[in-house]
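# Reading the structure
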Amino acid sequence: MAMEVRRRVPPPHGGAAPSGHPRRRSAAAAAGGEGGERVRVQAGDALPLPIRHTNLIFSALFAASLVYLMRRWREKIRASTPLHVVSLAEIFAICGLVASLIYLLSFFGIAFVQSVVSNSDDEEDYIIDSSRRAQPPPPPAPVPCALLGNPAAAPEKMPEEDEEIVAAVVAGKIPSYVLETRLGDCRRAAGIRKEALRRITGREMNGLPLDGFDYASILGQCCELPVGYVQLPVGVAGPLLLDGRRLYVPMATTEGCLVASTNRGFKAIAESGGASSVVLRDGMTRAPAVRFPSARRAAELKGFLENPANFDTLATVFNRSSRFGRLQGVKCAMAGRNLYMRFTCSTGDAMGMNMVSKGVQNVLDYLQDDFPDMDVVSISGNFCSDKKSAAVNWIEGRGKSVVCEAVIKEEVVKKVLKTNVQAVVELNVIKNLAGSAVAGALGGFNAHASNIVTAIFIATGQDPAQNVESSQCITMLEAINDGKDLHISVTMPSIEVGTVGGGTQLASQSACLDLLGVKGANRESPGSNARLLATVVAGAVLAGELSLISAQAAGHLVQSHMKYNRSSRDMSKAAEEADRPKKC
């Protein structure tokens, strides 16, 4: 039983060191190499031998003395010998028993008291290593941001020109949305907008950072009227052994246990030989809604669009909009005199909503000549169906339709997942299949596919709202090889991802795509990067399903969340810190 000698180093920039993260090293290391360092003295430092050897000697002496005396006293009782008559060996045994008992009680008692005292001093006791560690130079004084701070200080530090603009925005004389265009400086526009919002609402928004983000990168394509950005932690799980590749998967989330649970699933998959995937379909959809004077006229257009003889003509018109957008098919549905036309096309490495919309507009313009009585109600009539849970996506697919599978060995199920094959198979049937059917789920025959999909989407710059249909998944588990091994698969018919366009171009999201090796467009094989990303999503969902179902089968879910998903931070202090004015 080794005791540790702890040393304290000053936190960066002279701030308070976080409790619970002291640097530790053994007593032997403390005695050996840092003569100029002050260390906290422990109870066992005065002993001539290493503490573990001393503990072992006295523990053995205590046990041997006790056993010898018990045997001698039992023999005296049987022989009717007076107990107070002792031999020299018994005297030595009694002395050894008393001495070892005193040592052990003293050692553990002093160690306990010292640990209590040390813990109470943790927030005050920081010892500086003056001989080995150079004192860091003092940080430069923070430069106050001209557009932040408390209300009293803001007007004094803000340039007069910006002050006039803020006042005009507050008064409604200058629309907030024209700031970027008028100023030609996206960072300055965001700062003025935030200051104007602060004055209008009376809310400080100190916790919303402004500096450190490239606002020009989102102008006109990602976010309008920016006033800052939200910080979100990104964890990495892996490696995911998928189709012979070793991949490390970034996940942006604030849910405790999610990355750890997915990582456990990756470990089980890797130790069982890896997973494999197949992309069944790859096509984005858009479904405009048009209206005719009669249902008969709507049916005529339906027949024209679904006639194979007309497909080449429609494809020629559709494909003019893009080098990568290629029409794959058209399916129609009617509701009275309303016609819904669901166009499907390939989109290369882009997610492809804009691409398919432009192609559809070309076809509508072309059809207008032959069907002048066609009234285009909307470029999207919800038969697509985008960002909504819909049976058409579950059956026909949208984006990438992927199946991912793995065989998990029996010993891995027991060692890594802490359960057994029969238990997880039974739970999957009762929960994911029967339970979801009782709930009337639509594509929700899984444990928590949406968790993993959303985390990867945010990290890689996908549209988080498309998690709705992208998370449609059915998880299948069955025992194979005479019930010894576990076959698991996830079938996801509508994973909507891209590696170019939208949020994928932002620096952080681009870095996460680069980590996966799918950044940007694949010029040699257009569309392969986006398809690989879709298989990574499915592989991560496979791991997440495997881990969560196993945890529920073993009864570990609540314990893990209580251990890892509960903050020990003093929220009263956090609230006080949030109320203090901050400088950028």
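See the structure above.
Conventions and cut-offs
Residues numbered from 1 in each chain as written. Predicted model: local features only at pLDDT ≥ 70, side-chain atom pairs only at ≥ 80, totals over all residues. Heavy atoms only, no water. Helix = DSSP H or I, 4+ residues; strand = E, 2+ residues; numbered from the N terminus. Buried < 20%, exposed > 50% of the residue type's maximum accessible area, 1.4 Å probe, protein only. Contact = heavy atoms within 4.5 Å. Areas by Shrake-Rupley, 256 points an atom, 1.4 Å probe, with all protein chains shown as cover. Polar contact = N/O pair within 3.5 Å; in protein donor to acceptor, adjacent residues only side chain to side chain. Patch = residues over 30% accessible without salt bridge, like charges linked within 9 Å, V, L, I, M, F, W, Y side chains within 5 Å. Salt bridge = Lys/Arg side-chain N within 4 Å of Asp/Glu carboxyl O. Pairing = 2+ DSSP bridges. Axes fitted to C-alpha atoms, helices over the stretch in contact; angles between N-to-C directions. Parallel < 35°, antiparallel > 145°, perpendicular 65-115°, else oblique. Left-handed = near helix turned anticlockwise from the far one by under 90°. Nonpolar A, V, L, I, M, F, W, Y, C, P; charged D, E, K, R; others polar. Expected span 1.5 Å × (residues − 1). Core = buried A, V, L, I, M, F, W, Y, C linked by side-chain atoms within 4.5 Å. Phe/Tyr/Trp six-rings, centres within 6.5 Å; stacked < 30°, edge-to-face > 60°.

When you go through the protein residue by residue, the secondary structure sums to 20 helices and 13 strands. Counting all 584 residues of the protein, 41% fall into the buried class. When contacts within the protein are restricted to residue pairs at least 6 apart in sequence, those whose partners lie at least 24 apart make up 71%. Element-wise, carbon and sulfur atoms account for 57% of the exposed surface of the protein, whose accessible area totals about 30,600 Å².

Right, let's talk about the environment of Asp386 for a bit. Positionally, Asp386 belongs in the loop between strand S9 (375-378) and helix H12 (391-396). Sequence separation between Asp386 and Arg398 is twelve residues, and the spatial gap between their C-alpha atoms is 8.9 Å. A distance of 3.0 Å separates the side chain of Asp386 from the side chain of Arg398, its partner in a polar contact. At a separation of 2.9 Å, a polar atom in the side chain of Asp386 contacts the side chain of Gln466.

Attention now moves to a nonpolar patch on the surface. Taken together, the side chains of Leu66, Met70, Trp73, Ile77, Leu83, Val86, Leu88, Ile91, Phe92, Ile94, Val98 and Ile102 define a hydrophobic patch exposed on the protein surface, amounting to about 1,100 Å² of accessible area. Those elements that provide at least two residues to the nonpolar patch are helix H2 (51-79) and helix H3 (88-120). Broken down by element, the residue count for the nonpolar patch peaks at six residues, all from H3. Turning to its location among the elements, Leu83 is positioned in the loop between H2 and H3.

As paired strands, strand S3 (residues 234-242) and strand S4 (residues 245-252) are joined by seven bridges and run antiparallel to one another. Counted as the bridge partner of Leu240 is Leu247 from S4. Between S3 and S4, which pair antiparallel in sequence order, lie two residues; one of them, Asp243, sits at a positive phi of approximately 55°.

Attention now goes to the packing of helix H10 (residues 311-318) against helix H11 (residues 353-370). For the pair H10 and H11, interaxial distance at closest approach is 8 Å and the crossing angle is 120°. By the angle between their directions, the pair H10 and H11 is classed as oblique. The two elements H10 and H11 cross, and the hand of that crossing is right-handed. Note on element contacts: H11 touches H10 through Val356, Gly359, Val360, Asn362, Val363, Tyr366 and Leu367, opposite Thr313, Leu314, Val317 and Phe318. Its residues assigned to classes, the contact of H10 with H11 shows eight nonpolar, three polar and no charged.

With that out of the way, let us pick up the environment of Ala423. Structurally, Ala423 is set in helix H14 (residues 421-439). Remark: the alpha-carbon pair of Ala423 and Ala553, spanning 130 residues in sequence, is separated by 6.0 Å.

Counting through the fold element by element, Asn529 comes out in helix H18 (residues 528-554). Those residues in contact with Asn529 that sit more than four places away from it in its chain are Asp349, Thr499, Gly517, Val518, Lys519, Gly520, Ala521 and Asn522.

Moving on: the pairing of strand S5 (residues 275-286). With eight bridges joining them, S5 and strand S10 (residues 399-408) adopt antiparallel strand pairing. Bridge pairing links Ala275 to Ala406 in S10. In this sheet, strand S8 (residues 338-346) lies alongside S5 in antiparallel orientation, the contact comprising three bridges. Among the inter-strand pairings, Thr285 is bridged to a residue of S8, identified as Thr344.

The first and last C-alpha atoms of helix H8 (residues 258-271) sit 20 Å apart over 14 residues, in line with the 20 Å expected at 1.5 Å per residue. Within H8 the residues assigned to the buried category are Leu258, Val259, Ser261, Thr262, Gly265, Phe266, Ala268 and Ile269. Once H8 finishes, Gly273 follows within two positions and takes phi at roughly 105°, a positive value.

For H11, built from 18 residues, the straight-helix expectation of 26 Å at 1.5 Å per residue is met to within 8% by its first-to-last C-alpha distance of 27 Å. Those residues of H11 not exposed but buried are Met353, Met355, Val356, Ser357, Gly359, Val360, Val363, Leu364 and Leu367. Buried-residue contacts for H11 involve S5, strand S6 (289-291), helix H9 (295-306), H10, S8 and S9.

Grouped together as the largest cluster of nonpolar side chains are 54 residues, with contacts concentrated most on Met251, Ile408, Leu486 and Val541. Here Leu486 is in contact with Ala406, Val407, Ile408, Val413, Val421, Val424, Val425, Leu477, Glu478 and Leu546, once residues within four sequence places are set aside. Core analysis: the next-biggest nonpolar cluster, separate from the first, contains 26 residues, Ala298, Met353, Leu364 and Phe371 among them.

Taken as a whole, this structure holds seven aromatic pairs when the rule is applied. Both rings, one in Phe213 and one in Tyr215, keep their centres 5.2 Å apart while their planes meet at 65°; by these two values the pair is edge-to-face. The exposure class of Phe213 is partly exposed, given its relative accessible area of 31%. Note on Tyr215: relative accessible area 3%, which makes it buried. Put simply, the rings of Phe213, Tyr215 and Tyr229 touch in pairs and so form one group of aromatic residues.

So far we have only geometry, and geometry alone does not tell us how the molecule works.
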